[in-house]
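Descriptive structure summary
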Amino acid sequence: MKKTRTLGALGAVLSLSLALAACSGGGGGDDDSTDASGGTGDNTLTVWAWDPAFNIYALEEAEKVFQADNPDFKLEIVETPWEDVQTKLTTLAQSGETDQLPDIFLMQNNAFQKNVINYPDIFADFADSDVDFSEFPESVVAYSTYEDVNYGVPFDNGTAIGAYRTDILEQAGYTVDDFTDITWDEFLTIGKDVLAKTGKPMLTGQAGSADTIMMMLQSAGASLFDDEGKPTITDNEALLAAIDMYGQMVEAGVFVEVNSWDEYINTIVNSNTAGVVNGVWISGSIQSAADQSGKWAVTNVPKLDGVDGATNYTANGGSSWAITPNGNEALASDFLNATFAGSTEFYDTILPASGALANWLPAGESDVYSEPQEFFGGQPIYADVLTFAAEVPSNNTGAYYYEGRDAVSVAITNIFNGTDPQAALEEAQATVEFAMG
Amino acid sequence: MSAPTAPTEDRASSAPPRGTKLSPGRSKRVPLSAIARRRSLTGWTFLIPAAALIVLVNFWPMIQALFLSLQTGRGTRLTWAEPLWLNYQRLFEDETFRLTLSTTFIYLIIQVPIMLAIAMVLANLLNAPWLRFKGFWRTAIFLPCAVGLVSYALVFRQIFATDGLANDLLIKFGLLDDNVNWLGQTGTARMVIILGLLWRWTGYNMIFFLAALQNIDRSTLEAARVDGANGFKTFWYVTMPQLKPIILLCAILSTNGTLQMFDESYNLTNGGPGNTTMTVSHYLYNVSFRNSPNFGYAAAISYAILIIVAILAAIQLKVGDKRD
Amino acid sequence: MTKTQLRRIPAYLFLSVAVVLSVFPLYFMAVSATNTSNEVVASKLLPGSHLLENFQTLVDSQPLGSAFYHSSVNAIATTVLALILCSIAGYAFEIYHSRAKDTVMAILLLAIMIPFAATMIPLFRLFAQLGLVNSTFAVIVPLIATPFLILLFRQASRSFPHEIIEAARLDGLGEVSIFARIYLPTMKPTLAAAGVITFLFSWNNFLWPKVILVDNAYQTLPMLLSNMRAGYVTDYGSLMLAVFIVSVPTMVIFLALQRHFAEGVTGAIK
C-alpha cells in the first residue's frame, strides 16, 4: 500500500515540476508578443529583421510614421539574424506550424524565389493591397515576384558602389576620378601602384565568399542560371573572366582576403583598405568610423574587359518585406504601403541616418537625395547612386541560387589550389545539376 | 493492493534480482514469484519515464525520418521516391557528401588519436604520486570544457584572424614572416578546427582516464615493480589492459561526437573555404536549411551518419576485444 | 638536485605547456573584455580600463538580463529533472537487473548515435502540435533523459552494496524510500558529475533553442552571442565581455564541484 502511494507521490512531484517548468517559460517572457504572433487582429504587428543599425532602425522609424495616423499601432520587432530567419521559416513551414510566423519578415532578395517556390504557405500575396509595384524598379520587383504574383515590398537597394579613401589615393597620386568608368584591368594596374606606395590593398573581402565574383558577373548581365533556371556555370565567358580577374588581384595583393564578415568590416573601419566595392548599404558600416569623415568618395564600379554586355554597374544584396497569412495581412500591407511604399518623409529620415537607399522611385525626387554628404567630402552620393541604380543589369536567382553560389565558391578555392578553371567550373556545374536532380 | 500483472516481456526477470537474498520472514506470507514480480515492476516504473522520453525525443523522430528518407521533393511538396531507395542511391553520386564525409574522417583520424594520447599522458602525469599542485593542473586543463561552443568559436576566430593574435605572436617570435590567413586556406583551416577540438575536449577525456587510473588495483602495479618491470613496461603491460574499457568508451564517444560535429564547422569556418572544412552534419544542415530544402535527402544523409557511427563503434568494440 | 627530481622536470614542463595552452584563450577572452574594440583587434594582451564602457554598451544593446534569466531557468530545470529521471533509471537498470532491462538499455544507448540535425524537424513538429513552441518545457525536454547519464548512474550503482537494500527492505522501507533516502545520499559524487555535465550542455546548447524559441523574448545567452555576431558592425570589447559573462557560470560551477566531479566520474568507471 505504502509503496504505491509513494510511487504516486513521486509521479505527482515529477509531473508538477514539469508543469512548473513549462509555466515558468510562459510567465517569464513577454506575453504581448505571443499574442501578436498569434494573429489576434489587434494593432500590433510582429516583424523579423536582422540589422539594428539598418533595417531594424528603418522599422522603428516606419512605426513612428504610421503611428501618426494610427496612434494605437505598435511594432514588435524581433532581432533575428538572417540565417536564423531562414532556419525558422523552414522549420515552421516544414512542420506546418504557420501560426508561429510573424506578421512581416524581411528576406534577402537572393533567397526570395527559393522560399516562395518551396513554401508558398508562409507567404500572403499583395494582390488585395494598395501597394503600387510600378513605383519600384522592375528588376528589383522581379526578385519577389513568382508567376506574376507579388510577394514582397522591396526594401533596400543593393546597387553597388566603389567607395575609396581619398586620403590614401592622394598619397599614391590618384583621385577618385581615376577609378570612375574604368575596367578591372586598369583597376589592377592602379591598385598595384597604390599598394607599392602606401602598403594598403585596394579591396578586402571574405575568403571563400563569391560576393565579388557575383557582382562582376551581374555587371555584365550574366548569371549562374539561364531564364529557365538551368545552371550556366560552364561556358560562361563572364564567369571565367571574373574568376581570372579576382585571382590576379588576390595574387598581386591588391585584394586581401580575410576570414569573416566582421574582419572585413574591420579592415574598413581600421583603415586597412583603400577602397570598398559592395552594395550601397555598406555605406552604413563605412560611416561608423567617425574619424574617417570627409575622407571617402563614391563612384561606380570597374567593369570586365572583353566581355559582351559589360557595364560599370551591378548590385549585391538587397532585401524585401514579405507578409504572412496570419490574419493580420490587411494591417501589415497597409503599414508597408503607408511607409516603405508610400512615404517620402520616411525615406528622407532613414536615408541620411543609415544609408537605406530607397527602391521606391518617388523617394528619389526628394531633396534629401541631392544633399551633400559631409562624410563623403560633400559629395551628394545618394543622388549619384540613384543614377547607378537605373543602369544595373538584372539577375536570375531562381530556387537554386545558393547551390550555384556555393558551387562557384568551391570552384574558386579549387582554382586557387591549382585546378584548371574549366575543369573546376565543370565540376561546379555538375554539383548544381546534381542538387537540382 | 491489487498488483498489476507484470509486462509479458518480463519473463526473464522472474528470477530474483542479483544480490537479493529472500528474507525468510516475508517469503512465508508472500509467494516468492510475487515479490520478484512486484520488484521487477517497480524497476520498470523507475526506468520508464527516462526510457519513454528517450524514445519520444530520439527514436520517434528517427522513425519519421525513415519515412521521410523514402520521399522526394522540395519543401513541403513531397512524394514517395521512385524507386523508394532513390535518396540512398543519390548519396553515392553526391560529390559534396563525399567531400564532407572525407573531411570528417580527416578530423576523426587525426584528432581523436592525438587527443586520446595527450589525455592519456596528462592523466598519467596527474596520477603520479610525486606530483605537486595536482588540483591546479587538473583544474586548468579541464577548464576549456566549461566554455560553450559558440563562445570558444568566437575566441578562436579572433585569435586566428588574419591580423589576429596567432599571427602577431608567431611573427614576433620569428616563426613566420608574414600574416597567414589561417581560416582562409584548406589545410590551415582544418588545422585550426582540429586545434579547437583538441583544446576543448582533451581535458574532458583526461578526467575519465584519470578516474580509471585511480581505480587501478595498486597490488598489480606493486607486483610488476617487484618483477623488475620499468615504468613504461608497467604502464604498457599492467595499466593499459585495465584501462581498455574506458579507452574504448572515450574512443566511441569521440568518434560519435566527431561524426556529428556541427558547431565548430558552422561557427569557426562556416564550412569554408570552398566547403573543404565542412563536416557531414553541417552539410546535412545545409541541405535542410540553406539550400533549396530537400528533407527526404537530408533524412537519408542522417541515416548514413547513423550507420557509419554504428559500424565504427562495432569495429572499435571488435578491436578492443581482440587485444584481450 | 637528485636524479629523480631531474627526471621529473620534463613532466612539469609538459604540464606547464598544457596549462598555458588551455588557459591562454581564456585569458585572452577575459583581458579583451576590458579593452576597446580596436585594442581587441590589435590583440592587446594586457588588461585595459574599458570594462565599464563595454558593459554599458552590452546592456544598452542586448537583453542581457533576460537572456541570463532564461539560460539559468533552462539549465537549472534541465539539470534537476535530468538528475531525478536518470538517477532513478540508472538505479533501476542495475538494482532490478534483468535480461529484458539489459536489452532495453542497449537499445537506449543507440540513441547516442542519432545526429540531432536529423531529429530536429520531427521534434519541432511534435512540440508545435502540443502547443509548446516558445516554452521552457520544449527547450529542456530533449535534454533531460540521455542514455549517457543513465549509463553513468547504472555503472555507479554497481558498487552500491545490495545487502544494504535487503536490510532496508527488512526494516519495512518502501522501494522509493530506499532509493531516495539510502541510495541517493551515497551518490553525491555521481550526482555532481552528472549535474556538471548536464548543466554545461544545457547552458551552452544552441541549435535546438534557436529553433524552438521562435520568439526572441525567450532568447538564451548563446543565441544572444550569435545575434551580436550577426550585427553588421561588431564591438569586440563588449562581444568578448559577453563571451566572458556567458562562460563564468559554467566555470564557477565546475570549480565549485570539481572535487565531487572527479570522484563521481571515478565511481562510475569502476
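Residues numbered from 1 in each chain as written. Chains lettered and ligands numbered in written order. Predicted model: local features only at pLDDT ≥ 70, side-chain atom pairs only at ≥ 80, totals over all residues.

Spelled out, the test is: UniProt positions are given in the numbering used here, feature names are shortened, and annotations may be inferred rather than shown by experiment.
In the nomenclature of an unreviewed UniProt entry, chain C corresponds to Lactose/L-arabinose transport system permease protein from the organism Cellulomonas humilata. Among the UniProt annotations of chain C, the heading Sequence similarities (unreviewed entry) holds the following wording: "Belongs to the binding-protein-dependent transport system permease family." Under the UniProt heading Subcellular location (unreviewed entry), the note attached to chain C is "Cell membrane".

Chain A carries the name Lactose/L-arabinose transport system substrate-binding protein in an unreviewed UniProt entry, which gives Cellulomonas humilata as its organism.

**Examining the overall build of chain C**
Note the following rule: Secondary structure follows DSSP: runs of H or I at least 4 residues long count as helices, runs of E at least 2 residues long count as strands, and numbering of each begins at the N terminus. Our exposure labels follow a C-beta count within 10 Å of each residue's own C-beta, placed from the backbone: buried means 20 or more other C-beta atoms, exposed means 12 or fewer, and partly exposed covers the counts in between. Distance between backbone-placed C-beta atoms decides contact: two residues are in contact if it is within 7 Å.
Counting its secondary structure elements, chain C contains 14 helices and 0 strands. Going from the N terminus to the C terminus, chain C shows its helices and strands as α-α-α-α-α-α-α-α-α-α-α-α-α-α. Taken along its principal axes, the extent of the C-alpha atoms in chain C is 70 × 70 × 35 Å. Within chain C, the fraction of its 270 residues that count as buried is 57%. Counting only contacts in chain C whose residues sit at least 6 apart along the sequence, the fraction spanning at least 24 positions is 80%.

**Focus on the overall build of chain A**
The condition is simple: Radius of gyration: over C-alpha atoms. The globule rule applied is 2.2 Å multiplied by the number of residues raised to the 0.38 power.
Helix and strand counts for chain A come out as 17 helices and 12 strands. Compactness check: chain A gives a C-alpha radius of gyration of 24 Å against a globular reference of 22 Å for 437 residues, within 12% of the reference. With respect to the principal axes defined by its C-alpha atoms, chain A has extents near 90 × 50 × 45 Å. A burial count over chain A gives 56% of its 437 residues as buried. Across chain A, the fraction of contacts at a sequence separation of at least 24, relative to all contacts at a separation of at least 6, is 77%.

**Structural notes on helix H15 (residues 381-389) of chain A**
Of all 9 residues making up H15(A), 7 are buried, and the element is well covered by its neighbours. Within H15(A) the residues assigned to the buried category are Ile381(A), Tyr382(A), Asp384(A), Val385(A), Leu386(A), Phe388(A) and Ala389(A).

**Here's the deal with the nonpolar core**
Soluble, globular proteins show a tendency: their nonpolar side chains are buried together. The condition is simple: Defined on buried residues, the nonpolar core groups Ala, Val, Leu, Ile, Met, Phe, Trp, Tyr and Cys residues joined through C-beta atoms within 7 Å.
Of all hydrophobic cores here, the largest spans 178 residues; its most connected members are Ala50(B), Phe209(B), Leu85(C), Cys86(C), Ala89(C) and Val243(C). Those residues in contact with Ala50(B), other than ones at most four positions away along the chain, are Leu85(C), Cys86(C), Ala89(C), Ala145(C) and Ile150(C). By size, the runner-up hydrophobic cluster in this structure holds 141 residues, among which are Ile56(A), Val258(A), Ala315(A) and Val410(A).

**Remarks on the environment of Leu149(B)**
Looking at where Leu149(B) falls in the secondary structure, it is placed in helix H6 (residues 149-159). For Leu149(B), a count of 21 C-beta atoms within 10 Å translates into the label buried. Excluding anything up to four places from it in sequence, Leu149(B) contacts Asp263(B), Asn267(B), Asn204(C) and Phe206(C).

**Focus: the UniProt feature "transmembrane region" (unreviewed entry) in chain C**
All names here are of chain C. The feature "transmembrane region" (unreviewed entry), as given by UniProt, occupies residues 12-30, 73-93, 105-124, 130-153, 191-208 and 236-257 in the numbering adopted here. Within residues 130-153, the helical portion is 67% and the strand portion 0%, while the C-alpha atoms at the span's ends are 31 Å from each other. For residues 236-257, the end-to-end C-alpha separation is 32 Å, with 100% helix and 0% strand making up the annotated structure.

**Thoughts on the sheet that holds strand E3 (residues 104-108) of chain A**
Residue and element names in this part refer to chain A. In plain terms, the rule: Pairing between two strands is assigned when DSSP locates at least 2 bridges connecting them. Here, axes are lines fitted to C-alpha atoms. For helices the fit covers the stretch in contact, and angles between N-to-C directions go from 0 to 180 degrees.
Taking strand neighbours across the sheet as the criterion, the 5 strands line up as E2-E1-E3-E12-E6 in an open arrangement whose pairing is mixed. Sheet topology places strand E2 (74-79) and strand E6 (153-154) at the edges, where each strand pairs with a single neighbour. One ladder, built from 2 bridges, connects strand E1 (residues 44-49) with E3; its direction is parallel. Bridging across to E3, Trp-48 finds its partner in Phe-105. Each of E3 and strand E12 (319-323) is contacted by helix H5 (residues 109-118), which is oriented at about 115° to E3, the strand it contacts most. The strands touched by helix H13 (residues 329-338) are E1, E3, E6 and E12; relative to E12, the strand with the most contacts, the crossing angle is about 150°.

**Structural notes on the sheet that holds strand E10 (residues 275-279) of chain A**
Residue and element names in this part refer to chain A. Strands sit in the order E10-E7-E11 across an open sheet of 3 strands; the sheet is antiparallel. The strands lining the two open edges of the sheet, one partner per strand, are E10 and strand E11 (296-299). Sheet twist, expressed as the average angle between the axes of neighbouring strands with direction ignored, equals 25°. Alignment of strand E7 (residues 160-165) against E10, held across 5 bridges, turns out to be antiparallel. Its bridge partner being in E10, Ile-161 is matched across the sheet by Asn-278.

**A short note on the interface of chain B and chain C**
Opposite the 76 residues of chain B that make contact, chain C presents 75 residues. The element contributing the most residues to the side of chain B that touches chain C is helix H2 (residues 32-68) of chain B, with 18 residues.

**Focus on the packing of helix H4 (residues 95-127) of chain B against helix H12 (residues 280-290) of chain B**
All names here are of chain B. To be explicit about the condition: Three classes are used: nonpolar for Ala, Val, Leu, Ile, Met, Phe, Trp, Tyr, Cys and Pro, charged for Asp, Glu, Lys and Arg, and polar for all others, with Gly counted as polar.
Close contact between H4 and H12 brings their axes to 8 Å; oriented N to C, the two are set at 145°. Taken together, the residues of H12 that come into contact with H4 (itself represented by Thr-96, Phe-97, Thr-100, Leu-101 and Thr-104) are Val-280, His-282 and Tyr-283. Partitioned by chemical class, the residues of the contact of H4 with H12 number 4 nonpolar, 4 polar and no charged.

**Quick notes on the pairing of E1(A)**
Residues and elements named next belong to chain A. We count it as follows: Look down the strands so they point away from you; if going from the first strand over the helix to the second traces a clockwise path, that crossover is right-handed.
Taken across its 6 residues, E1 has 5 buried, putting it largely inside the fold. Bridging between E1 and E2 involves 6 bridges; their strand directions are parallel. Counterpart to Trp-48 in the pairing with E2 is Val-78. Handedness of the crossover is the feature at issue here: the chain leaves E1, passes through helix H3 (residues 55-69), returns alongside E2, and the resulting connection is right-handed.

**Comments concerning the environment of Ile253(C)**
Residue and element names in this part refer to chain C. Looking at where Ile-253 falls in the secondary structure, it is placed in helix H14 (residues 236-269). Along the chain, Ile-253 and Gln-219 lie 34 residues apart, while their C-alpha atoms are 22 Å from each other. Discounting chain neighbours no more than four positions away, the residues touching Ile-253 are Val-196 and Phe-199.

**A short note on the pairing of strand E8 (residues 203-206) of chain A**
Residue and element names in this part refer to chain A. In E8, alternate side chains face the same way, and those of Leu-203 and Gly-205 on one face and Thr-204 and Gln-206 on the other are all buried. Note that E8 and strand E9 (residues 255-258) share 4 bridges and pair parallel. Directly across from Gln-206, in E9, lies its bridge partner Val-258.

**Structural notes on unusual backbone geometry**
With the exception of glycine, the majority of residues adopt a negative phi angle, and the majority of peptide bonds are in the trans configuration. Residues and elements named next belong to chain B. Here the bond from Glu-82 into Pro-83 is cis, since omega is -5°, no more than 30 degrees from zero. If you trace the backbone, Pro-83 turns up in the loop between strand E2 (79-80) and helix H3 (86-91). A positive phi angle is found at Asn-275, which is not glycine, with a value near 65°. Here Asn-275 shows up in the loop between helix H11 (263-269) and H12.

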